[in-house]
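Chain by chain, the residues:
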Amino acid sequence: MSDFFIGFDRTSAEGEPSPEIELQAGSMLRHMMALGSSGSGKTVLCKAVVEEMVRNGIPAICIDPQGDLCSLALNADNPDYLREKGIDPDLADEFARCVDPVVFTPASRKGVALSADPMAIDVDALKARDRVYAITSIATMVVSLLGYDLDSDDGAGLIAVFDKALAQLQQRGQMPRNLDAFTRYLLNLDDATKSEFGRYLDAKKIDSACQKLARLDVGARRLLFHEGLALDIDLLLGLGDDCAAIEGKTRLSVVYLNTLHSQEDKEFFVAALVERLYNWMLRNPSNQPQALFYIDEVAPFIPPVRKPACKPALSLLFKQARKYGVCCLMATQNPGDVDYKAMAQFGTWAIGRLTTRQDMKKVQPTVKALDPVNVDMIMEELPAQKPGQFVLISPDNFDNTHRLRCRWLYTKHETLDDERIEALMDLPLAAAIPLDPPDEFDDEEGEIVDTPPDAPDSVSVEEPEPPLSVRERFYELEDDLAVRTLDARPEPEPEDDPLPAGETGGAEADITESLPTPTSKEMKAAAHVTEIEMPAPVVDIELEAGDKLLVKAGSLSVKEFAAKAGIGQAAARGRLMRLLAAKRVKKYRSGREHRYYSLASGLRPDLGLDRKVKVIVSRVTSNDAERAAREVRQSGALFGLLGAEEEFERAELSHRLVIQIEFTEKVTRMFLKRLFGPRHDERLDYVYLHPANLKVVVFDPEGGVKLEDQPERHASRVLDFDGRVTFEEKLPGEMRLHEIELRERKPDDVIKDSFKQRFAARPKKITPVFLPVWNLHLRTRGRTGTRIVTVDGLAGKPIEW
C-alpha cells in the first residue's frame, strides 16, 4: 500500500519545484479532519483523501448531506485541464479503472434506494457487553424518530421503556426483526408489563408514543424502512456475495442524505449506518486500514450540547474504530459547533481559512498542544489563507507543521441535485472510459497489435454485451434478495382431508342430527341466498395483464416488460415482484440481465426450452411400476437389484435429456449394386448421445436402453429409437426434468466433434429429446432413507445414466 498523495508544500521558494506531501496509510487509523470556512477547499481535500484510499484498494463510505460528494462518481474527462491543475492524467485514468462508485439514496429511487429498519441489527450475534449498547442504541434511534428531545424527561423515559422491552424480548429469544413487529408487541402489552414500564414513564405517555410508533409505518415516511435494499455494511463496502461487486474494482459508496426531508430522519439514518458499521468492525477486526468512513459537514450530527440520535454512535465509532482497521475522516466549516471530545480523537488536522473568533478559539488549544512554539504564528495565518491552502498538523506523519496546497481531483468537482444523481445512476459507470483511449493491446504482452493488411474481411467479432447501468446492477441484486426471501417462506400447512361423503364427526355431527330436514322449497331459497351473498373472486387486473404479457412473449426483462406494459421500470419491477410473490412467474439470469417467465406458459426459457420439445412416449405406466414393486416384495428381487427386505414406496416419472444428432453418411453399396449404380449411398439419419459423457444411446426393446462408446462402424446402423418408439411434442413445464443435465450439457461444437471422432459422417442439426424413466423409491425395513432404482420407460429395464 503506497502513501497518500494529498498535495504540495507551499513554502518552496519561487521557481523551485514544490515537494509533494503524502500521508502514511497507517496514520489514517488515527483519523483525519479538515476544518475551514465555506470555500476554503476542505471538501476537495477530503475527496482527495478518499480517492487515494480507493486507489489503494480501501473501500469508502461517504456521508453526503448536500450533494458535494456525489461527483466522486464522475470521472474527469479533460486531460489538458488535469495537467493544468498539476494532475497526471494517467493517475486519474488509473483511479477511473479501479473505482466502483455508487450513489445510495435513502427512501428514494433517485439513486440506489436504501432502507434502514432500526430493528434489523443482529443483536444476538454480539457479545454481552456490545449487545447492551446495541439495544440502547436501537431504543435511542426509535425515540429520535418519534421526534422526542432525547435529553428531556419524556425522551429519556421512553428510551428506558423501549430499552427494557427490547432487552426482555432478546432474553426470551424473541428479538423483533423489524419495526412493525416491535410496534405490535408494544400495542398488545398486558397490564402487568404496562405497570412495570410505568416506573420509567407515565402509562398514558407510553400509549401515546406507541400510537406515534404505529404511524411511522404509514404514508411516505414508511419508505425509510422499506424502500430499496436493506442498509448493510458489506453492501456499502462492496464485500461478500450480496453486494453487486465488480471484480477488480473498489467500492466507493456515497450516501446522499438530501432525499430525507427532516433533520430527525437524517440523524436517524446516520445513527443506523454508524451502528451497523460499529457492529461490522467488531466482527471483522484488522490492524491495517480496511475501510474509510467519511462524513462531510459533520457539525449537525455531533454538536457539543444537543444530543441527536447519531451522536452516541459517532462518538463511540471515532473512539474505537482505529482498533479495528476503520479510518475516519470528517469535515466542518464550524469547528465551534462540533463536540470537542470527538475532535480530540483525530490525529491529523488540516486547518484552512477560519475567520470567526469562536472557531479560532476552538482550534487554538489543539494547535498549541501539537506545535507550542509556532502557535501564535499559525493562528495569525489562518484568516489569510487562500482556497486550497491548509495548515497541516500530523504528528504521526511529520515532526513539524506543514503548509499544504491541496492537489486537484481525479474526478469532477460539482454539486449534484436529485435529477443529476438519477441520470448518473442510469449510466454504466462500471465501465470506466479512459481519458486518452488507448490503442489496441495484446492481452498478454501489452504490445500494440497491428491488423495485417491481408486480414480476411469475413472474420466477425462478436459485439460485447452493453454493460448494465449502476441502477440495473442493484435492481438485479434487489430482485435476487427478494426471490430468496420468497423462496425461504415456509409452505402453508395443508388443510385436513375432508371426511368422506355422508360422514360427519364430533359436535358438528350432533348438531346436524338435531336439525330438521329442510323442505325442497327451503333448499331452493337457501341456494338463492347463497348465490346472492357469495362474493365474486377478486381479480388483480394488473397481475392478470402482466401474466398474459409474459405468456405471449415467453420471457421478458424488466425493461422489456415496462415497455410492453407502458409503465416505468420501477412500477414494472414492483409488478413482477408481486407476480413472484403469487408464485405465478419465475426468474432466471441470462447474460447480464434477469428475465421473467410465466408458469402458465408451460415453457422453461431458463433451461433454453422456449417452445414445445420432442419427447419419447413412455410405454411403462405407473401401474406397471407399482405392479413390478409388488412382485419385488413377493420374489425378493427386481432385476437382481433389490433385497428381500426392501419395500416399494413410490414411483416417479421423469425425463432425461438425450442429444439427437441429424447427420448424413456415405455408406458403400453392395458389390452388385455398385456395378449398376453409384459406389455409395448417402443416408440421412439420426443418432442419440448422452448429454454429459457423449456415449451413444442404444435401444433394444428386449434389453432396454444402454450406453456404448461405438456400437457400430456406421452411425446409420446403430440400433436406437428410430422406428421403435413413438415421439410427441410436450411443453417442458409439464415434465419433471433433471435440470442440471440441461444447464451443464456440452456445447454443440463439442458434441459434433465427438460425433465426428466416432463416425465418418457429417453432423447437421442437434435437437434435445427427452427419454422417459421411472424412479423407483425403495425403503429398507427398519431403516431411514430410501434408495432409488431407475428403469427406462420403454422396456422397464434398469438403466445406468
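Since the model is a prediction, treat every value here as computed from it, not as a measurement. In every chain, residue numbers begin from 1 and rise along the written sequence. Since the coordinates come from a predicted model, pLDDT governs what is reported: local features require at least 70, and pairs of side-chain atoms require 80 or more to be given and counted, while whole-chain, interface and lining totals use all residues. The basis for every side-chain value is the complete set of heavy atoms in the structure, and neither hydrogens nor water enter the calculation.

Glancing now at the confidence of the model for the protein chain. Across the chain, each position has a pLDDT score giving the predictor's confidence in that residue, from 0 to 100. Confidence along the protein chain averages 84 in pLDDT terms, with 84% of residues attaining 70 or more. Contacts were defined at the residue level, with two residues in contact if any of their heavy atoms lie within 4.5 Å. Predicted confidence is poor over residues 494–532, with pLDDT under 50, and the contacts of this stretch with residues over four places away or in other chains come to four contacts. This stretch, residues 637–642, has a pLDDT under 50; its non-local contacts, to residues over four places away or in other chains, come to 17 contacts.

On to the pattern of salt bridges, then. Every case where a carboxyl oxygen of Asp or Glu lies within 4 Å of a side-chain nitrogen of Lys or Arg is listed as a salt bridge. Throughout the structure, instances matching the rule amount to 46 salt bridges. Here arginine 55 makes a salt bridge to glutamate 94, at a shortest N to O gap of 3.4 Å. Residue arginine 55 is located in helix α1 (residues 42–55), and its partner glutamate 94 is located in helix α3 (residues 89–98); the two are separated by 39 residues in the primary sequence. The shortest N-O distance in the salt bridge between aspartate 265 and arginine 221 comes to 2.6 Å. One end of the pair, aspartate 265, is in helix α11 (residues 263–283); the other, arginine 221, is in the loop between α8 (203–216) and α9 (223–226), with 44 residues separating them in the sequence. We call a residue buried when its accessible area falls under 20% of the maximum for its residue type, exposed when it is over 50%, and partly exposed in between, using a 1.4 Å probe and counting protein chains only. Using a relative accessible area of 29% as the deciding quantity, one classes arginine 221 as partly exposed. A run of H or I in DSSP counts as a helix once it spans at least four residues, and a run of E counts as a strand once it spans at least two, with each numbered from the N terminus.

Another aspect to go through is the pairing of strand β8 (residues 250–256). Most of β8 is tucked away: seven of the seven residues are buried. Residues Thr250, Leu252, Val254 and Tyr256 line one face of β8 and the alternating positions Arg251, Ser253 and Val255 line the opposite face, and both faces are buried. A strand pair is defined by DSSP finding two or more bridges across the two strands. The pairing of strand β4 (residues 60–64) with β8 spans five bridges and is parallel. The residue bridging cysteine 62 from the neighbouring strand is valine 254, located in β8.

Let us look at the side chain of glutamine 320. Its location among the elements puts glutamine 320 in helix α12 (residues 311–320). At 3.0 Å, the side chain of glutamine 320 and the side chain of lysine 323 are in polar contact. What glutamine 320 contacts, discounting residues up to four positions off in sequence, is Tyr278 and Met281. We define a polar contact as two N or O atoms separated by no more than 3.5 Å, with the added condition that, inside protein, one atom must be a possible hydrogen donor and the other a possible acceptor, whereas residues neighbouring each other in sequence contribute only through side-chain atom pairs.

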